[in-house]
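# Report on the structure
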Amino acid sequence: MRTPGILPTLPGGMGLYSRIHGMFCPDLGIDLGTANTLVAVQGRGIIANEPSVVAVKRGTKQVEAVGDQAKIMIGKNPGSIEVIRPMKDGVISDLELTEAMLRYFIEKAIGKRGVFRPRLVVAVPSGINEVEKGAVTNSAMRAGAREVHLISEPMAAAIGAGLPVSEPVGSMIVDIGGGTTEVAVISLAGIVASESVRVAGDELDQAIIKHFKDLHGVVIGENTAEQIKFQLGCALPPAEERTISVRGRDLRTGMPRSIDVTNTQVYQAIHHQVASIVNSVKMVLERTAPELASDLIDRGITLAGGTSQLAGLSELLSQETGLPVKLAKEPLTCVARGCAALLENLDALLPILESGKAD
Ligand SMILES: Nc1ncnc2c1ncn2[C@@H]1O[C@H](COP(=O)(O)OP(=O)(O)OP(=O)(O)O)[C@@H](O)[C@H]1O
Ligand SMILES: [Mg+2]
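Residues numbered from 1 in each chain as written. Chains lettered and ligands numbered in written order. Predicted model: local features only at pLDDT ≥ 70, side-chain atom pairs only at ≥ 80, totals over all residues. Heavy atoms only, no water.

### Brief notes about the overall build of the protein chain
Looking only at helices and strands, one finds 12 helices and 19 strands in the protein chain. Against the compact-globule benchmark of 21 Å for 359 residues, the protein chain has a radius of gyration of 21 Å, which places it among compact chains. Principal-axis analysis of the C-alpha atoms gives the protein chain an extent of 70 × 55 × 30 Å. Residues counted as buried form 51% of the 359 residues belonging to the protein chain. Put simply, 64% of the contacts in the protein chain that link residues at least 6 apart link residues at least 24 apart. Split by element, the accessible area of the protein chain, about 16100 Å² in all, is 53% carbon and sulfur. On the protein chain, the mean spot of the 35 positive side-chain charges and the mean spot of the 40 negative ones are 6 Å from each other. (Helix = DSSP H or I, 4+ residues; strand = E, 2+ residues; numbered from the N terminus. Rg over C-alpha atoms; globule rule 2.2 N^0.38 Å. Buried < 20%, exposed > 50% of the residue type's maximum accessible area, 1.4 Å probe, protein only. Contact = heavy atoms within 4.5 Å. Areas by Shrake-Rupley, 256 points an atom, 1.4 Å probe, with all protein chains shown as cover. Lys, Arg positive; Asp, Glu negative; His and termini not counted. Charge placed at Lys NZ, Arg CZ, Asp CG, Glu CD.)

### A closer look at the domain arrangement of the protein chain
As assigned here, the protein chain comprises domain 1 (16-157 + 334-355) and domain 2 (164-327). Between domain 1 and domain 2, the C-alpha centre-to-centre distance is 25 Å. Counting residues at the interface gives 20 residues for domain 1, matched by 20 residues for domain 2. With both sides pooled, the region where domain 1 packs onto domain 2 buries about 1500 Å², and carbon together with sulfur makes up 54% of that total. Looking only at domain 1, the three residues that lose the most surface to domain 2 are Asp 89, Pro 154 and Met 155, adding up to 37% of its buried area. (Domains from an automatic or database assignment. Buried area = accessible area lost by both parts, 1.4 Å probe.)

### Section: the packing of aromatic side chains
Scanning the entire structure with this criterion turns up 1 aromatic pair. Both rings, one in Tyr 104 and one in Phe 105, keep their centres 5.1 Å apart while their planes meet at 80 degrees; by these two values the pair is edge-to-face. By relative accessible area, Tyr 104 is classed as partly exposed at 27%. (Phe/Tyr/Trp six-rings, centres within 6.5 Å; stacked < 30°, edge-to-face > 60°.)

### Notes on the sheet that holds strand β5 (residues 63-66)
Reading across the sheet, the 3 strands line up as β5-β4-β6 and stay open at both edges, with antiparallel pairing between neighbours. Each having just a single partner strand, β5 and β6 (81-84) make up the two edges of the open sheet. Mean inter-strand twist for the sheet, computed between neighbouring axes without regard to direction, equals 20 degrees. Where strand β4 (residues 54-57) meets β5, 3 bridges bridge the pair, whose relative direction is antiparallel. (Pairing = 2+ DSSP bridges. Axes fitted to C-alpha atoms, helices over the stretch in contact; angles between N-to-C directions.)

### Considering the packing of helix α6 (residues 201-216) against helix α7 (residues 222-232)
Packed helices, taken two at a time, are described by their axes: the angle between them and the distance between them. Two elements in contact, α6 and α7, have axes separated by 9 Å at closest approach and are oriented at 100 degrees. As summarised for this structure, α6 and α7 are arranged roughly perpendicular, according to the angle between their axes. Residues Gly 201, Leu 204, Asp 205, Gln 206, Ile 208 and Ile 209 of α6 form the contact with α7, whose participating residues are Glu 222, Ala 225, Glu 226, Ile 228 and Lys 229. Class assignment of the residues belonging to the contact of α6 with α7 gives a composition of 5 nonpolar, 2 polar and 4 charged. (Parallel < 35°, antiparallel > 145°, perpendicular 65-115°, else oblique. Nonpolar A, V, L, I, M, F, W, Y, C, P; charged D, E, K, R; others polar.)

### As for the site of ligand 1
Neighbouring residues of ligand 1: 21 residues in total, closest Thr 34, Ala 35, Glu 153, Glu 226 and Lys 229. One nitrogen or oxygen atom from the main chain of Asn 36 is found 2.7 Å from an oxygen atom belonging to ligand 1. A distance of 2.7 Å separates an oxygen atom of ligand 1 from a polar side-chain atom of Lys 229. No other element matches the 3 residues that α7 contributes to the shell around ligand 1. Split by residue class, the shell around ligand 1 holds 4 nonpolar, 13 polar and 4 charged. (Near = heavy atom within 4 Å. Polar contact = N/O pair within 3.5 Å; in protein donor to acceptor, adjacent residues only side chain to side chain.)

### Observations concerning unusual backbone geometry
In the Ramachandran plot, Asp 89 falls in the positive-phi region, its phi being about 50 degrees despite a non-glycine side chain. Positive phi values are uncommon outside glycine, yet Glu 330 reaches one of about 45 degrees.

### Examining the pattern of salt bridges
The tally for this structure, following the rule as stated, stands at 15 salt bridges. Across the pair Arg 119 and Asp 27 runs a salt bridge whose closest N-O atoms are separated by 3.0 Å. One end of the pair, Arg 119, is in strand β9 (residues 119-124); the other, Asp 27, is in the loop between α1 (16-24) and β1 (28-32), and 92 residues separate them in sequence. Overall, Asp 27 belongs to the buried group, its relative accessible area being 4%. Among the ionic pairs, Lys 108 bridges to Glu 50, the shortest N-O distance being 2.4 Å. Pair noted here: Lys 108 is in helix α3 (residues 95-110) and Glu 50 is in strand β3 (residues 45-51), with a separation of 58 residues, a long-range link. (Salt bridge = Lys/Arg side-chain N within 4 Å of Asp/Glu carboxyl O.)

### A word on the side chain of Arg 119
With a relative accessible area of 2%, Arg 119 lands in the buried category. Reaching out from Arg 119, the side chain makes a polar contact with the side chain of Asp 347 at a distance of 3.1 Å.

### Quick word on the environment of Ala 35
Relative to the elements of secondary structure, Ala 35 occurs in the loop between β1 and β2 (36-41). For Ala 35, a relative accessible area of 26% translates into the label partly exposed. For the pair formed by Ala 35 and Arg 85, sequence separation is 50 residues and the distance between their alpha carbons is 8.1 Å.

This is the structure we're talking about:
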């Protein structure tokens, strides 16, 4: 996929070594997300899009399944199998399993590792520290990468959304994923103001679980909470009431029980978390220089990431900021498409990417 005119062309030709290597092993772009991992291959676009989940033999690191196969086991796994999400709040929470997951995705993209190892561009939250960056780099190197370059998630999302990131105009991107909300104003290929908060889709699911535990004394599973969010979740008070029936476990009797859940209850359950997301956008707007802020009056705010699809969220953000808000096309794949665009011109763009420092 080529995205002409979006990125600056920087000097620096492709070295012979890279060129020979590239003939046998394409570069890969990875959106290593808290909820989903997407892989783009140079010249081929996105070739994998699966949940960031690993199933292991309980008490060990022996991997039984990764991605789609592992996600369907959540809440339904036998005692001998444990289903783990190795990323939390946008960063690695289990190094060994992140490495296993990356190895799975790299093999899916280029087959079993041979002599040639791929260069990787990995999108990471803009708020992560050096230790967290080192963890991503080390995991990717051990999983089979030859070089690892990091790009901040909001920059990749903005490129994927087709925003004119290299022009001297302000563009605002808000990427609301599973673990983090990334807000950034970008101009001249740089991030001029940003905020990364660890509140996004997962926190909404947890808030739904807590709400119905407190309200009905029933514990519902994570997948059920996510389904409730998809069907009834809303950022604005609902205009008309809708109800669905869900199943959980009664805390008192320990027995399975059905409860009725309304969209008004779900709105109340997630209200605080939604307010934190809105606040992070307002904070960045307050810190944006007047010239760039004035660009946003015309250009508005672009939303990406899975949670940007929450009903009523774009309307709420527009009400609270007074700016036009639009949802990017295919919000769940923006970051990966941004990485794919970078791969088309990786050698020239390396100077603007961070090289992760491995041990
Ligand atoms: N229609 C929808 N309404 C509300 N939430 C949604 C919808 N579709 C997906 N989501 C939520 O989006 C989140 C996943 O989004 P995404 O894949 O962008 O996250 P991620 O990139 O893995 O996470 P992060 O960038 O925070 O590390 C999940 O929490 C999921 O429940
Ligand atoms: Mg993401």
